[in-house]
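Below are the chains, spelled out letter by letter.
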Amino acid sequence: MSASDKTNDREALLAHAYAIENETAERYQDLADQMYGVNNVEVGDLFTKLAEIEAKHAAELATEHGAANTSMAAADYAWSNLESPESIPLGEMHYLIQPHQALTLALAAEQRALKFYTEVATQAPTDELRALAREFAQKEAEHVALVREWLQRYPEPEQDWDVDDDPPVQP
Amino acid sequence: MTAENACVLTARDYKSDLKPVWCPGCGDFSILMAITMAMAEVARPPEEVAVISGIGCSSRVPAYTSCYGFHGVHGRALPLATGLKLSRPDLLVIATGGDGDGYSIGGNHFMHACRRNVDLTYIVMDNQVYGMTKGQPSPTTPPEWDSALVPGGTGLRPFHPLVIALAAGANFVARTFSGDAKGTAQTIVEAINHPGFSLIEILSPCVTFRPEEREWAKQVHPASVDPTDDRARAARRVLTDDGFNTGILYRGKRAPYQPAFSPDTTASVDFEAEFLP
Amino acid sequence: MNQIETTLDRPIANVTAAPRQSLSVVMLGSGGSGVMTAAEILLRAAARVGYYGLMTKSFGPQIRGGEAAAFVTLSTSPVEIQGDEVDLLFAIDWKNAGRFAGELLLGAETLAISGEAGAELPRIVTEPEPRLEEINLKTLTRSHKGTRPNMVALGSVAGAIGLPRDAVAALIGERLEKKGEAAIAQGLTAVDLGYEATANFNLAKLDPAPKEAARWIISGNQAAGYGAMRAGVRFSAAYPITPATEILEWLAPRLQKAGGLLVQAEDELASINMIIGGSFGGSAVLTATSGPGLALMSESIGLAVAAEIPILVINVMRGGPSTGIPTKSEQSDLNIAVYGLHGDAPHVVTAPNSISDCLFTAQWSTHLAESLQVPTIMLSDQSFGQALGIVEKPPALAFATRRLVAEEPGENYQRYALTASGVSPMALPSTPGGQYTADGLEHAESGRPSSGVADHNQQLDKRLRKIVDFDYGGHWAQIEGDGPAAIITWGSSTGPVREAMRRLDPDGKRLRLISLRLISPAQPKALADALEGCEQILVIEQSQMAQFFGHLKAQFDLPAMADLYARPGPQLFRAAEIATKLEEWLS
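The structure presented is a predicted model; accordingly, all values stated were derived computationally and were not measured.

Student: Account for the arrangement of the chains, naming residues and giving values.
Tutor: Among the two pairs of chains that make contact, the interface with the largest number of contacts is formed by chains B and C. One finds no contact between chain A and chain C; the C-alpha atoms of the two approach each other to within 11 Å at their closest.

Spelled out as structure tokens, the structure:
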């Protein structure tokens, strides 16, 4: 199911965009919670920041475009991937994940979102829709740039990044 | 929920504020998401849903929902769920647990629950290991998997839950993958709506004790055939597949087991006549 | 502590022979002879005439064709124990009758009738040198078409003890109604042949029956089921086990009739968890089992303690340990009932002290479970469960309190809130706002799992306090007499003790009986009050390791001077046995 099939009108596009941003914000927040739960505070803070950025984006969609007034059944969302394009899959996590790795995953997620909107921007049937999609793609491009910039602040992880001398605990 | 403020329930409404203690990367996170998404779709209010579990990582699910829950003892989720559903047919009752809880110590109850066919949905999060107790083989673990408790591997043929379920009489049998949260959610909705005993086996990687299971994402694939209502055909399919086919395997037509239960506990009982000589 | 030794090999002392107020009859037969049916008709006929009575059964291990012995004691006053000595023994045949040695106590006064002409009599019959008579059942039944030996036996016994023929005839008519007039006629002929055959055997007859009072014929198992239903139980799950299965079979159709349900489970682990699930949903529930099943259930009973879920578990005790002696009685499950849960898991344990007390105690036990949100284990035993008694109609009682339910849980509902009584309002599923997860894990007031010091202490204290601070009223024990020599006992030992006391101390001035109905939580103050003024204490129980004595010592501050008489099953105590012990003890 391609992006264009479900975004053939303004409302659909807005609904999708709103859903993407909200789900992504929620996903980042869930991941942040997971990280704090395993005392991986540095990455937890990174995810918290990303959650805030996505939530802000979603709020902008609401105020500037009335996205909150759109609605679509959950089943109608047809992502090309198994999950929302901008969400980091839950299965990618590791309790010792390093900032560089976390941001690499975030980068990939933002790039997927960028790709999604870019496709809509080229395939949408009307000028208005293509313009809107370009606007969204631009926003995602900004996110991509931001994450790239953050990535540079963190070195690649050491060889022994996932070494934990203590055995697993039996709770 | 009154008519005036009848709102659409979202997945979030079915989550409690308790943060799961699972290891980041655990497949159960996605499954929890799928469960709450499914509940939102089915739209029974949280107070009318009961989530029943045994012991294990995946059995922690009830407290992570905002429904009524029962975290029982190891292996006994299904009889708990059965007793509740038979005496409270008005509730939506879901049982959750893992492969050790469900297929090892719980194996007998599993078989008889399939046979009894009470209207329940049983969600098994199969990670092919005992996670909570630090990594022992479970009935579904491959025979060569080395562990501290069974060095060199069990050498035993793995348990085949879908086939056992079919043979014992389950009315709905499906297999999904935790990484496909939406597909899993859809399957859960169908399982709930299908009358009788519904089993959903969800392959759910344990990133701590079976990190190789991260590869499952690459190995699972939707089944290339439609669900069948032919029990024997379904059994043959699943006995001959690679273990990574996802989708609904079987939808049966057995009538669910639900004897009448509407006691008036305030009415007095009088059996005196039979004790008079 | 002085343990009074005994073995059963010693001959019974010369106690006063049973007055003609009561008669003890045994009917023997094998290979499908139908003695049980005959004895049951005898009992019912006696009940209709107005007698009290007790019928117990003993069998060989075969499911079909084995040896069977029916024991019936009839009396003009309540009967709780079979007579010491058999007054009348009727054997349809003697095959393998030696298996009942030790249960069949004949004496010189016994009338032993052999229905098997020319048979060699076993030693258990010949040695005591009873009066012997013979009736040729084979000849009789052959010369009267369609007559059955057990019906002739019934007539023989009924006639010998003086039961009016009409009472027996009426029952024959009812039983055979469906089979038609001819069958009834044959049945009556058989009975009359029996009456004729023993007409001149000169057995002392029963005194006339007392004035009519409402009487019931009921078994302990039936009484237990009925008591639970009176208390509101409508959902049960169960797995068959000797000697508890009859409770479940009695309940199944009657629960259904009352709109309820009994589910047969795949094992005891399933049955206990099914009822816990049902109780979580709001129903009053029960299951019934025996020792091996109770052992299987113990983990999950602990779950119900921790999650504060009311359940009733009726344990019909049998000979232990392990598979033990399934068809015989013993009082050796006290320890597992009271102490058998892992962790500090306080719960209630009760025990009826007679067949009809099974009804009251089951009702009371359900009420306790519901009111205290705690598992209650009721310890009945095989000797109650599978015996039929002619008893006074039990009074219809109702307990006022119910389960404390959170009808309208507030914003911040705490399932396990610390309350003054220790009992917290329980939200039932479908009540909005009451959602919580019941858990075997230790938890905070909210129900959230917790391993913290404060939570564990508070919840342990709450679960203990709620049952220890509860006022159990006078039901905790049955106390009779006020003499300075006290006998403390429980369960089915009560009957023989009572009978022995009746013989030795009819005015109740020398002896005092304290039979505990509440085994746990202990009531040390109440026992101390009950023992006020006692100079001697004797504990009597049917357990080789003296479990009850140990429990009294540990939990009740039993005075050091207390004596003990304990022995295991499979034989019940005999009244004469207890009377002999008491005489020695008192002197």
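Alright, that's what it looks like, and here's the rest.
Student: Residue-level account of the interface of chain B and chain A, with values.
Tutor: Counting residues at the interface gives 21 residues for chain B and 18 residues for chain A. Looking at the side of chain B that touches chain A, the element that brings in the most residues is helix α1 (residues 27-42) of chain B, giving five residues. In the side of chain B that touches chain A, the residues fall into ten nonpolar, six polar and five charged.

Student: Explain the packing of helix α4 (residues 107-116) of chain B against helix α5 (residues 161-168) of chain B to me, and be specific about the residues and the numbers.
Tutor: Any two packed helices are characterised by how steeply their axes cross, that is the angle between the axes, and by the distance between the axes. Residues and elements named next belong to chain B. Put simply, α4 and α5 touch, their axes get as near as 8 Å, and they point 45 degrees apart. One element, α4, and the other, α5, form an angle in the oblique class. Seen from above, α4 lies across α5 with right-handed handedness. On α5, the residues touching M111, C114 and R115 of α4 are I164, A165 and A168. Of the residues assigned to the contact of α4 with α5, the class counts are five nonpolar, no polar and one charged.

Student: With reference to specific residues and values, describe the sheet that holds strand β17 (residues 485-490) of chain C.
Tutor: Residue and element names in this part refer to chain C. Read across the sheet, five strands follow the order β16-β18-β17-β20-β21 without closing on themselves; strand pairing throughout is mixed. Bordering the open sheet on either side are β16 (477-480) and β21 (563-566), each of which pairs with just one other strand. Along the sheet, successive strands turn relative to each other by an average axial angle of 20 degrees, direction set aside. Relative to strand β18 (residues 511-516), β16 runs antiparallel, the two sharing four bridges. Looking at β18, one finds that I479 is bridged to I514. Across the sheet, helix α15 (residues 494-504) lies against β17, β18 and β20 (536-541), angled at about 170 degrees from β18, the strand it touches most.

Student: Report on the interface of chain C and chain B, specifying residues and quantitative values.
Tutor: At the interface, 51 residues of chain C touch 41 residues of chain B. Going through the elements one at a time, α1 (35-49), β7 (215-219), α7 (220-230), β8 (235-238), β9 (261-264), α9 (268-280), α10 (291-307) and β15 (437-439) of chain C are the ones with two or more residues in the side of chain C that touches chain B. It is α9 of chain C that provides the largest number of residues to the side of chain C that touches chain B, a total of nine residues. A per-class count over the side of chain C that touches chain B returns 25 nonpolar, 15 polar and eleven charged.

The rules behind the values
In this numbering scheme, every chain counts its residues from 1 along its sequence in written order. Working convention: letters from A go to chains and numbers from 1 go to ligands, in the order in which they are written. Reporting of local features is limited, given that this is a predicted model, to residues whose pLDDT is at least 70; pairs of side-chain atoms are given and counted only at 80 or more, and all residues count toward the totals for whole chains, interfaces and linings. By the convention adopted here, residues are in contact when the distance between their C-beta atoms, placed from the backbone, does not exceed 7 Å. In this description a helix means any DSSP run of H or I spanning at least four residues, a strand means any run of E spanning at least two, and both kinds are numbered starting from the N terminus. Residues are sorted three ways: Asp, Glu, Lys and Arg are charged, Ala, Val, Leu, Ile, Met, Phe, Trp, Tyr, Cys and Pro are nonpolar, and all the rest, Gly among them, are polar. Every angle, taken between N-to-C directions, lies between 0 and 180 degrees, and every axis is a line fitted to C-alpha atoms, over only the stretch in contact when it is a helix. Should an angle lie under 35 degrees it is considered roughly parallel, over 145 roughly antiparallel, and from 65 to 115 roughly perpendicular; all remaining angles are considered oblique. In a left-handed crossing the near helix is turned counterclockwise from the far helix by less than a right angle, and in a right-handed crossing that turn is clockwise. Here, strands pair whenever DSSP counts at least two bridges between them.

Take it as geometry only, folks, not as evidence of what the structure does.
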